[in-house]
Amino acid sequence: MQKEIKRLAVDYKGSKCEICGYNEYIFCLDIHHVDHNPINNELSNLAVLCCMCHKKLHKKVITYNHKG
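Residues numbered from 1 in each chain as written. Predicted model: local features only at pLDDT ≥ 70, side-chain atom pairs only at ≥ 80, totals over all residues. Heavy atoms only, no water.

**Structural notes on the environment of serine 44**
One can find serine 44 in the loop between β1 (29-33) and β2 (46-50). As a C-alpha pair, serine 44 and cysteine 28 span 16 residues in sequence and 21 Å in three-dimensional space. (Helix = DSSP H or I, 4+ residues; strand = E, 2+ residues; numbered from the N terminus.)

**Overview of helix α1 (residues 2-13)**
Relative to the 16 Å expected for twelve residues at 1.5 Å per residue, α1 spans 16 Å between its end C-alpha atoms, a close match to the ideal helical length. By the burial criterion, the buried members of α1 are Ile5, Ala9 and Val10. Axial view of α1: buried residues confined to an arc of 130°, hence all on one face. Turned more than 90 degrees away from the buried face of α1 sit Lys3, Leu8 and Asp11, all of them exposed. On the buried face of α1, the contacting elements are β1 and β2. Looking one or two residues past α1, glycine 14 carries a phi angle of roughly 105°, positive in sign. (Expected span 1.5 Å × (residues − 1). Buried < 20%, exposed > 50% of the residue type's maximum accessible area, 1.4 Å probe, protein only. Arc of directions from axis to C-beta. Contact = heavy atoms within 4.5 Å.)

**Quick word on the side chain of asparagine 45**
When you line up the elements, asparagine 45 lands in the loop between β1 and β2. Within the local environment of asparagine 45, its side chain forms a polar contact with the backbone oxygen of asparagine 40, the two atoms lying 2.8 Å apart. Excluding residues within four positions of it along the chain, asparagine 45 makes contact with His32, His33, Val34, Asp35, Asn37, Asn40 and His66. (Polar contact = N/O pair within 3.5 Å; in protein donor to acceptor, adjacent residues only side chain to side chain.)

**Structural notes on the confidence of the model for the protein chain**
Detailed reading of the predicted coordinates is not advisable wherever pLDDT falls low. Confidence in the prediction for the protein chain averages 94 pLDDT; 97% of positions are at 70 or higher. The spread of mean pLDDT over the elements of the protein chain runs between α1, the lowest at 93, and helix α2 (residues 51-58), the highest at 98. (pLDDT = per-residue confidence, 0-100.)

**Topic: the pattern of salt bridges**
Using the criterion set out here, one finds two salt bridges in the structure. The salt bridge involving arginine 7 is made with aspartate 11; its shortest N-O contact spans 3.1 Å. Of this pair, arginine 7 and aspartate 11 both sit in helix α1, four residues apart, roughly one helical turn. Since its relative accessible area comes to 42%, arginine 7 is described here as partly exposed. (Salt bridge = Lys/Arg side-chain N within 4 Å of Asp/Glu carboxyl O.)

**Structural notes on unusual backbone geometry**
Of note in the backbone geometry, histidine 36 takes a positive phi value of approximately 65° without being a glycine. Histidine 36 sits in the exposed class, given a relative accessible area of 55%. One non-glycine residue with positive phi stands out, namely lysine 60, at about 65°. Looking at the secondary structure, you find lysine 60 in the segment after α2.

Shown next, in the form of C-alpha cells:
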C-alpha cells in the first residue's frame, strides 16, 4: 500500500524533494503526511521529501510551508 501511495504522490507532485530539490534516486524520497495522520493519504496532505529533509523536518531542524 505504501508503495502505491508513494507512486501516486510522485506522479502527482514530481520526483524531487519539495524542500531542497533532490532528485537523483527515487528510493531516497519519502512521503510526508502534512497533518501527521498516516491514514490521511489525500494527495493534498502528502509531500514528497528526500530522506534527509524528512528527518530534519520531524526533528524540527527545518520548517516546510506546504502548498497542497
